[in-house]
Amino acid sequence: MRLPPGQVAVEGFPRFGTHLHLPPPPVPTNPVIEITGAVDAPFSVPLPLTKLATLPRRELTADFHCVAGWSATDLSWEGVSFEAFYRTVLEPEVKAGASITHVSFGGLDGYQSVALIEDALADDVLIAERLNGLPLGGDHGAPARLVSPSQYGFVNTKHLCRIELHTAEPPADFGGPSLMARAALRTRLIWRHPRARVWNEERHPLLPAWLIRPVYRIFIPQIRYLSARGSGPTREPAHEEDRPGDS
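Residues numbered from 1 in each chain as written. Predicted model: local features only at pLDDT ≥ 70, side-chain atom pairs only at ≥ 80, totals over all residues. Heavy atoms only, no water.

## A word on the packing of aromatic side chains
Heads up, the rule is: By convention, a stacked pair of Phe, Tyr or Trp rings (six-membered ring in the case of Trp) has centres within 6.5 Å and planes under 30 degrees apart, an edge-to-face pair has planes over 60 apart, and any other such pair is tilted. A run of H or I in DSSP becomes a helix once it reaches four residues, and a run of E becomes a strand once it reaches two; helices and strands are each numbered from the N terminus. Remark: exposure states derive from per-residue accessible area (1.4 Å probe, protein chains only) relative to the maximum for the residue type, with buried under 20%, exposed over 50%, and partly exposed in between.
By the definition in use, this model includes seven aromatic pairs. Between F13 and F64 the ring centres are 5.2 Å apart and the planes differ by 55 degrees, which places this aromatic pair in the tilted class. Of the two residues, F13 sits in the loop between β1 (8–9) and β2 (32–37) while F64 sits in strand β4 (residues 57–65), which places them 51 residues apart along the sequence. Both residues of the pair, F13 and F64, belong to the buried class. Ring centres 6.3 Å apart and planes at 40 degrees place the aromatic pair F82 and F85 in the tilted group. Pair noted here: F82 and F85 are both in helix α1 (residues 82–90), with a separation of three residues, about one helical turn.

Take a look at the structure:
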């Protein structure tokens, strides 16, 4: 098994997220993805996405790579291609003359990530609803999540509830720092790379990968401990329909 530079395979798929020691955020009774930004008018897309019968279903087996250096291998996702979702649902609503350069993804836990439009439209990017044959649970992003296997995990927003289209790069502090990053923010050691491509080892926008690896790995034990304490129930989410999830 070949992994990207600096990554080590782990057993299973560890829980991660900004809420860490807290339970996963509750899922609304009627979850939606809110669409905002450079569109004619904000609108909402109901979940699950299976209701959008025009969108082809997609299955994808891929590895998940955390920027801290661990990789969960051979995960099986099911959902819809983000490119198909964008072309069918979002692009027709873009303001006349607007040129979309970036897409931001927001979660019910308050987390936000930003991706260049060309990265978001890559062939392997999904809005996933199922993981390893089951509906996504709270620990991995119910009711829906972004899956972008070619980018580090911090791009793969869980609990997806909002997509915003941008005609320019959002400010560097867009969405705010993650909980574990706040302690190191003053030293500027933990920054999100704007592309985060795992095979290019784009962990940090300024510092070389060999230097930043040990810094990120310092946080692994703390994150795993806190995240385990806040882990949600392992049963499938109780809902009238299968709920989409995240990576």
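## A closer look at the pairing of strand β6 (residues 102–107)
Basically, it comes down to this: Note on pairing: two strands pair once DSSP finds at least 2 bridges between them.
Most of β6 sits inside the fold, with six of its six residues counted as buried. Here β6 shows no split at all, with H102, S104 and G106 on one side and V103, F105 and G107 on the other all buried. Where β6 and strand β7 (residues 112–116) come together, five bridges link them in antiparallel fashion. Each bridged residue has a counterpart across the sheet, and for G106 the counterpart in β7 is Q112. Here six bridges tie β6 to strand β11 (residues 160–166), and the two strands are oriented antiparallel to one another. Each residue of the ladder has a partner; that of G106, found in β11, is R162.

## So, the confidence of the model for the chain
As a reminder, the rule being used: For every residue, the predictor states its confidence as a pLDDT score lying anywhere from 0 to 100. It only takes one pair of heavy atoms within 4.5 Å for two residues to be counted as in contact.
Residues of the chain with pLDDT of at least 70 account for 84%, and the chain-wide mean is 85. Contacts of residues 177–187 to residues separated by more than four positions or lying in other chains number 15 contacts, the stretch itself having pLDDT below 50. Taken together, the stretch residues 234–247 has pLDDT below 50 and engages in 66 contacts with residues farther than four places along the chain or on a different chain.

## Considerations on the pattern of salt bridges
Convention followed: The rule for a salt bridge is simple: a side-chain nitrogen of Lys or Arg has to be within 4 Å of a carboxyl oxygen of Asp or Glu.
Counting across every chain of the model gives 11 salt bridges. For E201, the salt bridge identified is with R203, shortest N-O distance 3.0 Å. Note on E201: relative accessible area 12%, which makes it buried. Across the pair E201 and R213 runs a salt bridge, and its minimum N-O distance is 2.5 Å. Residue E201 is located in the loop between β11 and α3 (209–218), and its partner R213 is located in helix α3; the two are separated by 12 residues in the primary sequence.

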